[in-house]
Amino acid sequence: MKTLIITGGNSQIVKNSLKSLEDFYTSYSNVVLFTSHPASFTIAENFTNKIHEYHKDYFVDLVWEEADEIDLIHTAAATPSIYKEDESSYISINSEQPKNLVESIMPKLNKVFYISTSSVYDFENDEKIIFEDSPKTTKENNVYGYSKLLFEEYLSQSGLKYLAIRVPVMITQNVKNNFISKLKQNID
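## Observations regarding the overall build of the chain
Part 1: Regarding its fold elements, the chain presents 6 helices and 6 strands.
Part 2: Counting helices and strands in the order they occur from the N terminus, the chain gives β-α-α-β-β-β-α-α-β-α-β-α.
Part 3: Burial statistics for the chain: of 188 residues in total, 43% are counted as buried.
Part 4: When the accessible surface of the chain is totalled, it reaches about 10800 Å², and 51% of it is carbon and sulfur.

## Comments concerning the environment of Tyr90
Part 1: The topology assignment puts Tyr90 in helix α4 (residues 87-105).
Part 2: Taking C-alpha positions, Tyr90 is 7.9 Å from Ala77, a pair spaced 13 residues apart along the chain.
Part 3: When sequence neighbours within four positions are dropped, the list of residues in contact with Tyr90 reads Ala78, Thr79, Pro80, Tyr83, Lys84, Glu85, Ser95, Val143, Tyr144 and Ser147.

## As for the pairing of strand β2 (residues 30-35)
Part 1: Most of β2 sits inside the fold, with 6 of its 6 residues counted as buried.
Part 2: Residues Asn30, Val32 and Phe34 point to one face of β2 and Val31, Leu33 and Thr35 to the other, with burial holding for every one of them.
Part 3: Relative to β2, strand β1 (residues 2-7) runs parallel, the two sharing 4 bridges. Within β2, the residue paired with Ile5 across the bridge is Val32.

## A look at the packing of α4 against helix α5 (residues 143-158)
The relative placement of two packed helices is expressed as an angle between their axes plus a distance between the axes.
Part 1: Viewed as axis vectors pointing N to C, α4 and α5 meet at an angle of 15 degrees, and their least axial separation amounts to 8 Å. In this view, α4 runs roughly parallel relative to α5, as classed from their interaxial angle. Our pair here, α4 against α5, has a crossing hand that is right-handed. Counting all contacts with α4, which are made through Glu87, Tyr90, Ile91, Asn94, Ser95, Pro98, Lys99, Val102 and Glu103, the residues of α5 involved are Val143, Tyr144, Tyr146, Ser147, Lys148, Leu150, Phe151 and Tyr154.
Part 2: Here the residues of the contact of α4 with α5 sort into 10 nonpolar, 3 polar and 4 charged.

## Focus: the pattern of salt bridges
Part 1: The tally for this structure, following the rule as stated, stands at 3 salt bridges.
Part 2: One salt bridge in this structure joins Glu87 and Lys139, with 3.1 Å as the shortest N-O distance. You can see Glu87 sitting in helix α4 and its partner Lys139 sitting in the loop between β5 (109-117) and α5, a full 52 residues away along the chain.
Part 3: Residue classification places Lys139 among the partly exposed residues on the basis of a relative accessible area of 33%.
Part 4: Taken together, the shared-partner salt bridges connect Glu132, Glu152 and Arg166 into one network.

## Some points on the packing of aromatic side chains
Part 1: The full count for this structure, using the stated rule, is 4 aromatic pairs.
Part 2: An angle of 85 degrees between the planes, with centres 4.9 Å apart, marks the rings of Tyr114 and Phe151 as edge-to-face. In this pair, Tyr114 is assigned in strand β5 and Phe151 in helix α5, connecting sequence segments 37 residues apart.
Part 3: Using a relative accessible area of 0% as the deciding quantity, one classes Tyr114 as buried.
Part 4: Under the relative-accessibility criterion, Phe151 is labelled buried at 1%.
Part 5: Among the aromatic residues, ring-to-ring pairing joins Tyr83, Tyr90 and Tyr144 into one connected group.

## A word on the side chain of Asn94
Part 1: Here Asn94 is to be found in helix α4.
Part 2: When sequence neighbours within four positions are dropped, the list of residues in contact with Asn94 reads Ala77, Ala78, Ser89, Tyr114, Tyr144, Ser147, Lys148 and Phe151.

## Here we look at the confidence of the model for the chain
Part 1: On average, residues of the chain carry a pLDDT of 78, and 71% of them reach 70 or more.
Part 2: Confidence drops under pLDDT 50 across residues 42-49; counting only partners more than four residues distant or on other chains, this segment forms 18 contacts.

Reading guide: rules and limits
- Residue indices begin from 1 for each chain and proceed along its sequence in written order.
- Totals for whole chains, interfaces and linings use all residues, but because this is a predicted model, local features are given only for residues with pLDDT of at least 70 and pairs of side-chain atoms are given and counted only at 80 or more.
- In computing side-chain properties, one takes all heavy atoms of the structure into account and sets aside hydrogens as well as water.
- Labels follow the DSSP assignment, with helices taken as runs of H or I lasting at least four residues and strands as runs of E lasting at least two, numbered in each case from the N terminus.
- Three exposure classes are used, based on accessible area relative to the maximum for each residue type with a 1.4 Å probe and protein chains only: buried under 20%, partly exposed in between, and exposed over 50%.
- Only the protein chains shown count as covering a residue, and every accessible area follows the Shrake-Rupley method with a 1.4 Å probe.
- In what follows, residue pairs with any heavy atoms lying within 4.5 Å of each other are defined as contacts.
- Two strands qualify as a pair provided that DSSP identifies no fewer than 2 bridges between them.
- Think of each axis as a best-fit line through the C-alpha atoms, taken over the contacting stretch in the case of a helix, with angles from 0 to 180 degrees between the N-to-C directions.
- In these notes the angle categories are as follows: under 35 degrees is roughly parallel, over 145 is roughly antiparallel, 65 to 115 is roughly perpendicular, and the rest is oblique.
- Should the near helix be turned counterclockwise from the far one by less than a right angle, the crossing is left-handed, whereas a clockwise turn marks it as right-handed.
- When residue character is reported, Ala, Val, Leu, Ile, Met, Phe, Trp, Tyr, Cys and Pro are called nonpolar, Asp, Glu, Lys and Arg charged, and the others, Gly included, polar.
- When a carboxyl oxygen of Asp or Glu lies within 4 Å of a side-chain nitrogen of Lys or Arg, that pair is called a salt bridge.
- Side-chain rings of Phe, Tyr and Trp (the six-membered ring for Trp) are treated as a pair once their centres are within 6.5 Å; stacked means planes under 30 degrees apart, edge-to-face means over 60, and tilted covers the remaining angles.
- pLDDT is a per-residue confidence score from the predictor, ranging from 0 to 100.

Below, the structure is given as structure tokens:
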């Protein structure tokens, strides 16, 4: 059985992609959606058959033995708009918890798609254009970006097939707490 795990079930990217990517999701026998609190939106029953609420970690009583192959879309994150300067939450939620999830399903894990952030770069640097090898941030400069970078580094050393996308902002319907939403608020 081919299984897809999606973290960050209440994130704007997941909310806005579920319906438009329905054909993609239906290619899986089992889709498991992790949310940090009860899902606040309707999910079509025909392509999501398990929703699991997690509070501390991704360890759950789901039967991974049923899966022959698991793909992971990891979008969950502790973000500055909610966690402000809470260093321990950033490290736990953005690097330790996803690492624990990956290790718990490693024998069957096929590939990982990870939504990271452009905050992994050191914006104190004078570079006008950022490249893959541009200087990265440190824990002292930006603990949020650093925590996301830690999980990227874990993936790069794991030997897994993965794609990490470093986005500066998610532009989806109803997104809040970024420069696009603030610009829209000022225009309205």
